2 protein chains.
Amino acid sequence: MISGTPEPFKLDAQLGRDTVPVGDLPLSHVLLVEDSNYRWLILVPRQPGITELIDLSAADRAVLMEEIATVSRVIKDVAGCDKLNVAALGNVVAQLHVHVIARRKADPAWPKPVWGVVPPRPYSPDTRAALLKALREQLKIAPP
Amino acid sequence: MISGTPEPFKLDAQLGRDTVPVGDLPLSHVLLVEDSNYRWLILVPRQPGITELIDLSAADRAVLMEEIATVSRVIKDVAGCDKLNVAALGNVVAQLHVHVIARRKADPAWPKPVWGVVPPRPYSPDTRAALLKALREQLKIAPP
């Protein structure tokens, strides 16, 4: 890379493997986690080299907060839930990403956080397609 | 309660039991979790009846995001850390509260999320007092 050329954003490989893309909001990629135990989205701001919320500008943090709110309302509306879980952890995948998870009292991890409780259970093709369609309609975004 | 009288904000009893108060930012109480395994703060917006980020107004959400950023910088500076964990879960305590945790690779839960991994380990009085003093100085807030 030529010195001075900004490094382009590239989605972390593990985030790519564990999810399917829903589409793009102004700041963030929206990803659906490939685990039908939950209805679980991830927002990834398309900025290179960012690992913490405090690495973003205040203006971008404000945009991210409203994208979290938008995605929260949509996943709650599409999937129904008893509680939303919102988290930026990043202990395993460092690239800044925000989990937005529609939790149900009947889900296999309740009331614990979802991470590491049960193995991921892939979606059936029909369920995945229907969920992606509903999410894209409500988020008013096109498939990537 | 007389109909029409707004219910005042009251800190959830369990949050009160598990923490010591640091002080108040414009929107939120800042609490130190009584668990010396981690350096762990909680922000609780002082608004009654709120359980989700999407229950706040957009303006209050923007304030909360900047209070999260402020508290993140301060806990990182005071405690040092390898990664910040920021989360609004609320599956057990419904009142909206945001965890801001300075994670270290040497802490007893790394790289897992902290919840439920090891029992809380209370602070020694001296360590707690020194930490509260440093946090209040950096946050420029008075003891409650």
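Now for a look at the structure at hand. (Residues numbered from 1 in each chain as written. Chains lettered and ligands numbered in written order. Predicted model: local features only at pLDDT ≥ 70, side-chain atom pairs only at ≥ 80, totals over all residues. Heavy atoms only, no water.)

1. Examining the overall build of chain A
The line we're drawing: A run of DSSP states H or I qualifies as a helix once it reaches four residues; a run of E qualifies as a strand once it reaches two. Both are numbered from the N-terminal end. Restricting the calculation to C-alpha atoms gives the radius of gyration, and the globule rule supplies 2.2 Å times the number of residues raised to the power 0.38. Burial classes follow relative accessibility: with a 1.4 Å probe on protein chains only, a residue under 20% of its type's maximum area counts as buried, one over 50% as exposed, and anything between as partly exposed. Throughout, a residue-residue contact means that at least one pair of heavy atoms, one from each residue, lies within 4.5 Å. Each accessible area value is a Shrake-Rupley result obtained with a 1.4 Å probe; residue values ignore everything except the protein chains displayed when judging cover. In this charge count, Lys and Arg are treated as positive and Asp and Glu as negative; neither His nor the chain ends contribute. Charge positions are represented by NZ for Lys, CZ for Arg, CG for Asp and CD for Glu.
Check the secondary structure of chain A and you find 3 helices and 5 strands. Along chain A, from the amino end to the carboxyl end, the secondary structure elements read α-β-β-β-α-β-β-α. For 144 residues, the compact-globule estimate of 2.2 N^0.38 gives 15 Å, and chain A sits close to it at 15 Å. Here chain A, with 144 residues, has 49% of them falling under the buried criterion. The contacts in chain A between residues at least 6 apart in sequence include a share of 57% that link residues at least 24 apart. Per element, the accessible surface of chain A, about 6800 Å² overall, is 56% carbon and sulfur. Each charge sign in chain A was given a centre, from 17 positive and 16 negative side chains, and these centres are 6 Å apart.

2. So, the sheet that holds strand S3 (residues 39-45) of chain B
Applicable threshold: Whether two strands pair comes down to DSSP finding at least two bridges between them. Note on method: axes are straight lines fitted to C-alpha atoms, helices fitted across the in-contact stretch only, with angles between N-to-C directions ranging 0 to 180 degrees.
If you walk across this open sheet you meet the 10 strands as S1(A)-S2(A)-S3(A)-S5(A)-S4(A)-S4(B)-S5(B)-S3(B)-S2(B)-S1(B), and the pairing is antiparallel. A single partner strand is all that each edge strand has here, and the edge strands are strand S1 (19-24) of chain A together with strand S1 (19-24) of chain B. On average, each strand axis in the sheet is inclined to that of its neighbour by 20°, with strand direction left out of account. With 5 bridges connecting them, strand S4 (residues 83-88) of chain A and strand S5 (residues 98-103) of chain A associate as antiparallel partners. Counted as the bridge partner of Leu84(A) is Ala102(A) from S5(A). Where helix H2 (residues 58-79) of chain B meets the sheet, its contacts fall on strand S2 (28-33), S3, strand S4 (83-88) and strand S5 (98-103) of chain B, and the angle it forms with S3(B) comes to roughly 160°. Contacts from helix H3 (residues 125-139) of chain B reach S1, S2 and S3 of chain B, with the element oriented near 20° to S1(B).

3. Brief notes about the interface of chain A and chain B
Cut-off, in case you're wondering: Just to be clear on terms, a salt bridge is a Lys or Arg side-chain nitrogen sitting within 4 Å of an Asp or Glu carboxyl oxygen. Definition of a polar contact: a pair of N or O atoms within 3.5 Å, with one able to donate and the other able to accept a hydrogen when the atoms are protein atoms, and with sequence-neighbouring residues admitted only if both atoms are side-chain atoms.
Each side of the interface is counted separately: chain A has 31 residues, and chain B has 31 residues. Summed over the shared surface of chain A and chain B, the result is 4 salt bridges. Here Glu52(A) and Lys83(B) are joined by a salt bridge, their closest N and O atoms 2.8 Å apart. At the junction of chain A with chain B, the criterion picks out 18 residue pairs in polar contact (both at pLDDT 80 or more). Contributions of two or more residues to the side of chain A that touches chain B are made by helix H2 (58-79) and S4 of chain A.

4. A closer look at the pairing of strand S2 (residues 28-33) of chain A
All names here are of chain A. Burial analysis of S2 places 6 of its 6 residues in the buried class, the great majority of the element. Burial along S2 is two-sided: Ser28, Val30 and Leu32 facing one way and His29, Leu31 and Val33 facing the other are all buried. The sheet contact formed by S1 and S2 spans 5 bridges and is antiparallel. Each residue of the ladder has a partner; that of Gly23, found in S2, is Val30. Counting the residues in the hairpin turn of S1 and S2 gives 3 residues. As paired strands, S2 and strand S3 (residues 39-45) are joined by 5 bridges and run antiparallel to one another. Paired with Val30 across the bridge in S3 is Leu43. In sequence, S2 turns back onto S3 through a hairpin of 5 residues.

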